[in-house]
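Each chain, letter by letter, is given below.
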Amino acid sequence: MRYKGTHPQKFSEKYKELNPEKYQQDVEKIIQQGKTPAGMHISIMVQEILDFLNIQPGQIGYDATLGYGGHTRRMLECLKGEGHLYATDVDPIESEKTKARLAALGYGEDILTIRRMNFAELDKVAPGVKFDFVLADLGVSSMQIDNPERGFTFKQDGPLDLRLDPSSGVTAAQRLRELDEEELVGMLVENADEPYAQRIAKEIMQTFHRGEPIETTRQLYDAIARALSFLPKGEQKEAVKKSCQRCFQALRIDVNSEFEVLYAFLEKLPTVLKPGGRAAILTFHSGEDRLVKKAFKQGMRDGTYREVARDVIRPSAEECYQNPRARSTKMRWAVKA
């Protein structure tokens, strides 16, 4: 059931308000089908994170990526009203909603401090404070993905934005205009390992040369579909879907300087951890995972960390079934020397 002209997030909120029992039944049915309900964010690998962080009452922690606040809430529960948790997020829209949601559950400023800032500045979150535990979930919130006004998905038409902080920086549409064909190919390969990068970049440039815009998510989807029209008809739909996922990912990483931000975070991470402090990081694509793996291995070699994850930890098959967006998740961890 969906009201015409209403995007999924607004639909879910209104539907939940009008008919809470039916809404819950529908949500459970969708989850049983192995799908994520529109407008709902399901936190990933919660138990694995908590098992590793081993949070104790009285400790001080840092959630680098507040998002919907699912992980934050569970970490606060572990503190049992003692200690403090700091959290950051660059998204001014979702962070305010999450702050209000957590406050309504009793987690006020006495135990939770939320700052709207980039986690690359983790050394400025609480100057002079060392953390017992740190979590960084590098995934995009489902609340962002399911809102077509943010431009994170090609499944519905909306402005091609992709900024985590819509109040600063350039949109993905503007960024496409700034790049030449060679630069666009490089971005698609480096940020998403896109196998059809050359064809897609060429089609985008030809679209601009014809005087046609690529200002919306659907216009970018159509350009990618044209670039892959050489494929056999039976293969095109799935190939276009996967290339769209990769291209949107590549653009999002570029627009938000995500690799540069992660590099700065990893470089500063040991400086904010207490001796024996624990850090867990969830990544969602190979580029992120390579950076985390390299930083943790280097930290082991130079004595910064006393122990790091030798292999990635992945979500269980059951979790992946209940939450399809968990499938690409990898968790790595490190313990400060």
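Residues numbered from 1 in each chain as written. Predicted model: local features only at pLDDT ≥ 70, side-chain atom pairs only at ≥ 80, totals over all residues. Heavy atoms only, no water.

Student: Would you mind going over the overall build of the protein chain with me for this structure?
Tutor: Helix and strand content of the protein chain: 14 helices and 7 strands. In the protein chain, which comprises 337 residues, the proportion classed as buried is 51%. A fraction of 72% describes how many contacts in the protein chain between residues 6 or more apart in sequence connect residues 24 or more apart. (Helix = DSSP H or I, 4+ residues; strand = E, 2+ residues; numbered from the N terminus. Buried < 20%, exposed > 50% of the residue type's maximum accessible area, 1.4 Å probe, protein only. Contact = heavy atoms within 4.5 Å.)

Student: Can you help me understand the nonpolar core in this one?
Tutor: A general feature of soluble globular proteins is that nonpolar side chains tend to end up buried together. One finds Leu-160, Leu-176, Leu-184, Ile-204 and Leu-220 to be the most contacted residues of the largest nonpolar core, which totals 38 residues. Elements that contribute at least two residues to this core include exactly α7 (172-178), α8 (181-192), α9 (197-209), α10 (217-227) and α11 (233-255). Looking at which element gives the most residues to this core, the answer is α11, with 8 residues. Dropping the residues within four chain positions of it, Ile-204 is found in contact with Leu-176, Leu-184, Ile-214, Leu-220 and Ala-223. (Core = buried A, V, L, I, M, F, W, Y, C linked by side-chain atoms within 4.5 Å.)

Student: Hey, could you run me through the packing of aromatic side chains in this one?
Tutor: Two aromatic rings are characterised by how far apart their centres lie and by the angle between their planes. The full count for this structure, using the stated rule, is 8 aromatic pairs. With centroids separated by 5.4 Å and ring planes inclined at 25°, the aromatic side chains of Tyr-62 and Phe-131 adopt a geometry described as stacked. Of this pair, Tyr-62 sits in strand β1 (residues 60-63) while Phe-131 sits in strand β4 (residues 131-137), and the two are 69 residues apart along the sequence. Side by side, Tyr-62 and Phe-131 carry an identical accessibility label, which is buried. What links up through ring pairs into an aromatic cluster is the set Tyr-62, Tyr-86 and Phe-131. Sitting above the plane of the Phe-230 ring, Arg-199 keeps its charged end 3.7 Å from the centroid. (Phe/Tyr/Trp six-rings, centres within 6.5 Å; stacked < 30°, edge-to-face > 60°. Lys NZ or Arg CZ within 6 Å of the ring centre and 35° of its normal.)

Student: Sorry if this is basic, but what is going on with the sheet that holds strand β6 (residues 305-308) here?
Tutor: Whenever strands of a sheet pair, they do so through backbone hydrogen bonds, lying parallel or antiparallel. Strand order across the open sheet formed by 7 strands is β3-β2-β1-β4-β5-β7-β6, with mixed pairing between neighbours. Across the chains shown, the open sheet's two edge strands, defined by having one partner strand only, are β3 (112-115) and β6. Along the sheet, successive strands turn relative to each other by an average axial angle of 15°, direction set aside. Where β1 meets β4, 3 bridges bridge the pair, whose relative direction is parallel. Note that in β4 the partner of Gly-61 across the bridge is Phe-133. Its contacts with the sheet place helix α13 (residues 286-301) against β5 (273-283), β6 and β7 (330-336), and it is angled at close to 135° to β6. (Pairing = 2+ DSSP bridges. Axes fitted to C-alpha atoms, helices over the stretch in contact; angles between N-to-C directions.)

Student: Explain α9 here, please?
Tutor: For the α-helix, the turn length of 3.6 residues means that residues three or four positions removed from each other point alike. With 13 residues, α9 extends 18 Å from end C-alpha to end C-alpha; this agrees with the ideal 18 Å at 1.5 Å per step. For α9, the full list of buried residues reads Ala-197, Ile-200, Ala-201, Glu-203, Ile-204, Met-205, Thr-207 and Phe-208. Elements that come into contact with the buried residues of α9 comprise α7, α8, α10 and α11. Directly beyond the C-terminal end of α9, a positive phi value near 85° is found at Gly-211. (Expected span 1.5 Å × (residues − 1).)

Student: Teacher, can you tell me more about the confidence of the model for the protein chain here?
Tutor: When pLDDT is low, close inspection of the predicted coordinates is not appropriate. Confidence in the prediction of the protein chain, expressed as mean pLDDT, is 88, and 86% of residues score 70 or more. In this model, residues 1-12 is a region of pLDDT below 50 whose contacts with residues beyond four sequence positions or in other chains number 27 contacts. Segment residues 30-39 is flagged for pLDDT under 50; beyond a separation of four residues in sequence, or across chains, it makes 29 contacts in the model. (pLDDT = per-residue confidence, 0-100.)

Student: Would you take a moment to explain the packing of α8 against α11 for this structure?
Tutor: Packed helix pairs are specified by the crossing angle of their axes together with the interaxial distance, meaning the distance between the axes. Viewed as axis vectors pointing N to C, α8 and α11 meet at an angle of 95°, and their least axial separation amounts to 8 Å. By the angle between their axes, α8 is roughly perpendicular relative to α11. For the pair formed by α8 and α11, the contact residues are Met-187, Leu-188, Asn-191 and Ala-192 on the first element and Arg-246, Cys-247, Gln-249, Ala-250, Leu-251, Ile-253 and Asp-254 on the second. Taken together, the residues of the contact of α8 with α11 break down into 7 nonpolar, 2 polar and 2 charged. (Parallel < 35°, antiparallel > 145°, perpendicular 65-115°, else oblique. Nonpolar A, V, L, I, M, F, W, Y, C, P; charged D, E, K, R; others polar.)

Student: I keep staring at the pattern of salt bridges and nothing clicks. Help me out?
Tutor: Oppositely charged side chains may form a pair once their charged atoms are brought near each other. Counted by the stated rule, this structure contains 19 salt bridges. Note that Asp-132 and Lys-274 form a salt bridge whose closest N and O atoms lie 3.2 Å from each other. With a gap of 142 residues between them, Asp-132 in strand β4 and Lys-274 in strand β5 connect regions that are remote in the sequence. Between Arg-226 and Glu-203 there is a salt bridge whose closest N-O contact spans 2.8 Å. With Arg-226 in helix α10 and Glu-203 in helix α9, the pair connects residues that are 23 residues apart, well separated along the chain. (Salt bridge = Lys/Arg side-chain N within 4 Å of Asp/Glu carboxyl O.)

Student: Mind showing me how you'd approach a positive patch on the surface here?
Tutor: A surface patch of positive charge is lined by Lys-155, Lys-237, Lys-241, Lys-242 and Arg-327. By the element assignment, Lys-242 lies in helix α11. (Patch = residues over 30% accessible without salt bridge, like charges linked within 9 Å, V, L, I, M, F, W, Y side chains within 5 Å. Areas by Shrake-Rupley, 256 points an atom, 1.4 Å probe, with all protein chains shown as cover. Lys, Arg positive; Asp, Glu negative; His and termini not counted. Charge placed at Lys NZ, Arg CZ, Asp CG, Glu CD.)

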